[in-house]
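In case you want the letters, here they are:
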Amino acid sequence: MNSKIILLTFSACLALVSQTLTFAQKQKKWNVGISAGYGRDYFFKKFHGPKNEIPPGSITHFHSFNSLKSDLYVERFLRPRLSAKVKVEYSVLEMPNHVMFDITSFGWFPKNERHHWGSAAIGIRGYLKSKMPFKIFADLAAQGDYFLGSKTFPAGYEHKFSRDTENYYRFVPSINAGAGIRWKRFTLTADYQMNVARTFAIDNPKIYNNPKHLKRSVTRQGISLKATFLLSKSGEKWY
């Protein structure tokens with residue numbers, strides 16, 4: 001069943017890319033690119049409730065060991081050196097086991113837990129005016145992150161993918177900013193992403209509204225370096 005879903009998703013993505021390229025190649029205002037990136041995400045866990053209920057020594061600051069990212073984006077020029085950009089991204093974060101969800105984590109665990117995230121962003125990109133072949137730009141976007149699930153690799157157990165969020169919110173709004181340099185069809189970008197809301201842990205409304213019940217929330221921010229190849233490129237007059 002999982003292989004069929006992956007195959008259908010891959011086929012749909014190929015069809016989307018093919019249609020997008022066909023359209024973009026007829027337009028001189030459009031860029032279509034694919035990116036691969038590597039980075040790290042940093043998390044801050046906060047406890048809400050009576051302080052005496054907080055487990056002593058609990059981890060509140062932690063980070064991914066690495067974050068692998070891939071995305072597809074479409075860029076359309078609105079005027080010279082200013083464009084609108086839409087991006088969809090898939091990320092895999094290699095995490096210390098149990099630290100994200102476990103309320104009583106006291107120490108670092110092996111990196112055997114992987115979190116899968118999907119995101120979509122819409123924003124603008126501005127280019128500096130330059131006669132050089134290298135074009136410098138800056139990005140700013142509103143982004144929505146969606147937690148797809150996690151997979152753990154415990155010794156002696158079956159490796160299963162789980163969509164369980166441990167009562168955290170699955171969708172989190174974020175902002176995304178970046179700066180980079182483009183040369184012909186190649187782009188190198190440094191990205192920064194930050195949640196603008198917390199992912200609260202909620203059991204049910206009655207417990208959540210109980211001031212004596214200890215609740216958790218997590219915020220995330222991340223940095224990454226991305227390499228992009230333009231599948232379709234706009235005319236040079238727009239830069």
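Keep in mind that this is a model prediction, so the values were computed, not measured. (Residues numbered from 1 in each chain as written. Predicted model: local features only at pLDDT ≥ 70, side-chain atom pairs only at ≥ 80, totals over all residues. Heavy atoms only, no water.)

### Structural notes on the overall build of the protein chain
Here is step 1 of the chain: Across its full length, the protein chain carries 2 helices and 11 strands.
Here is step 2 of the chain: Going residue by residue from the N terminus, the α and β elements of the protein chain occur as α-β-β-β-β-β-β-β-β-β-β-α-β.
Here is step 3 of the chain: When each of the 239 residues of the protein chain is scored for burial, the buried share is 40%.
Here is step 4 of the chain: The contacts of the protein chain with a sequence gap of at least 6 include a subset with a gap of at least 24, amounting to 69%.
Here is step 5 of the chain: When the accessible surface of the protein chain is summed, it comes to about 13,700 Å², and 64% of that surface belongs to carbon and sulfur atoms. (Helix = DSSP H or I, 4+ residues; strand = E, 2+ residues; numbered from the N terminus. Buried < 20%, exposed > 50% of the residue type's maximum accessible area, 1.4 Å probe, protein only. Contact = heavy atoms within 4.5 Å. Areas by Shrake-Rupley, 256 points an atom, 1.4 Å probe, with all protein chains shown as cover.)

### Some remarks on the pairing of strand 4 (residues 82-95)
Here is step 1 of the chain: Bridge count for strand 3 (residues 66-79) against strand 4 is 13 bridges, and the pairing is antiparallel. Counted as the bridge partner of arginine 79 is leucine 82 from strand 4.
Here is step 2 of the chain: Between the end of strand 3 and the start of strand 4, which pair antiparallel, lie 2 residues, with arginine 81 showing a positive phi angle near 70 degrees.
Here is step 3 of the chain: The sheet contact formed by strand 4 and strand 5 (residues 113-127) spans 14 bridges and is antiparallel. Across the sheet, the residue bridging to leucine 82 is glycine 126, located in strand 5. (Pairing = 2+ DSSP bridges.)

### Structural notes on the packing of aromatic side chains
Here is step 1 of the chain: Enumeration according to the criterion identifies 7 aromatic pairs in this entry.
Here is step 2 of the chain: Taking 6.4 Å as the distance between ring centres and 25 degrees as the angle between the ring planes, the aromatic pair formed by phenylalanine 134 and tryptophan 183 counts as stacked. With phenylalanine 134 in strand 6 (residues 134-152) and tryptophan 183 in strand 8 (residues 171-183), the pair connects residues that are 49 residues apart, well separated along the chain.
Here is step 3 of the chain: Of the aromatic side chains, those joined through ring pairs into one cluster are Phe134, Trp183, Phe186 and Phe229.
Here is step 4 of the chain: Geometry around tryptophan 117 places arginine 220 over its ring, the cationic atom sitting 4.3 Å from the centre. (Phe/Tyr/Trp six-rings, centres within 6.5 Å; stacked < 30°, edge-to-face > 60°. Lys NZ or Arg CZ within 6 Å of the ring centre and 35° of its normal.)

### Some remarks on the pattern of salt bridges
Here is step 1 of the chain: Tallying each qualifying case throughout the model produces 10 salt bridges.
Here is step 2 of the chain: Where aspartate 71 meets lysine 226, a salt bridge forms, and the shortest distance between an N and an O atom there is 3.1 Å. Of this pair, aspartate 71 sits in strand 3 while lysine 226 sits in strand 11 (residues 215-232), and the two are 155 residues apart along the sequence.
Here is step 3 of the chain: Between aspartate 139 and lysine 85 there is a salt bridge; the shortest N-O distance is 3.6 Å. Separated by 54 residues along the polypeptide, aspartate 139 in strand 6 and lysine 85 in strand 4 bring together distant segments of the chain.
Here is step 4 of the chain: Looking at aspartate 139, the relative accessible area reads 10%, which means it is buried. (Salt bridge = Lys/Arg side-chain N within 4 Å of Asp/Glu carboxyl O.)

### Quick word on the side chain of glutamine 143
Here is step 1 of the chain: Within the secondary structure, glutamine 143 sits in strand 6.
Here is step 2 of the chain: We classify glutamine 143 as buried; its relative accessible area is 6%.
Here is step 3 of the chain: Side chain to side chain, glutamine 143 and aspartate 145 meet in a polar contact 2.8 Å long.
Here is step 4 of the chain: Only 3.5 Å separates the side chain of glutamine 143 from the side chain of asparagine 176, close enough to count as a polar contact.
Here is step 5 of the chain: Filtering out sequence-adjacent residues up to four positions away, glutamine 143 remains in contact with Lys87, Ser119, Ala120, Ala121, Val172, Pro173, Ser174, Asn176 and Gln193. (Polar contact = N/O pair within 3.5 Å; in protein donor to acceptor, adjacent residues only side chain to side chain.)

### Here's the deal with the environment of asparagine 66
Here is step 1 of the chain: Here asparagine 66 is to be found in strand 3.
Here is step 2 of the chain: Among the residues examined, asparagine 66 registers a relative accessible area of 14% and is labelled buried.
Here is step 3 of the chain: Each C-alpha atom of the pair asparagine 66 and leucine 93 lies 6.0 Å from the other, and the pair is 27 residues apart in sequence.
Here is step 4 of the chain: Within the local environment of asparagine 66, its side chain forms a polar contact with the side chain of glutamate 94, the two groups lying 2.9 Å apart.

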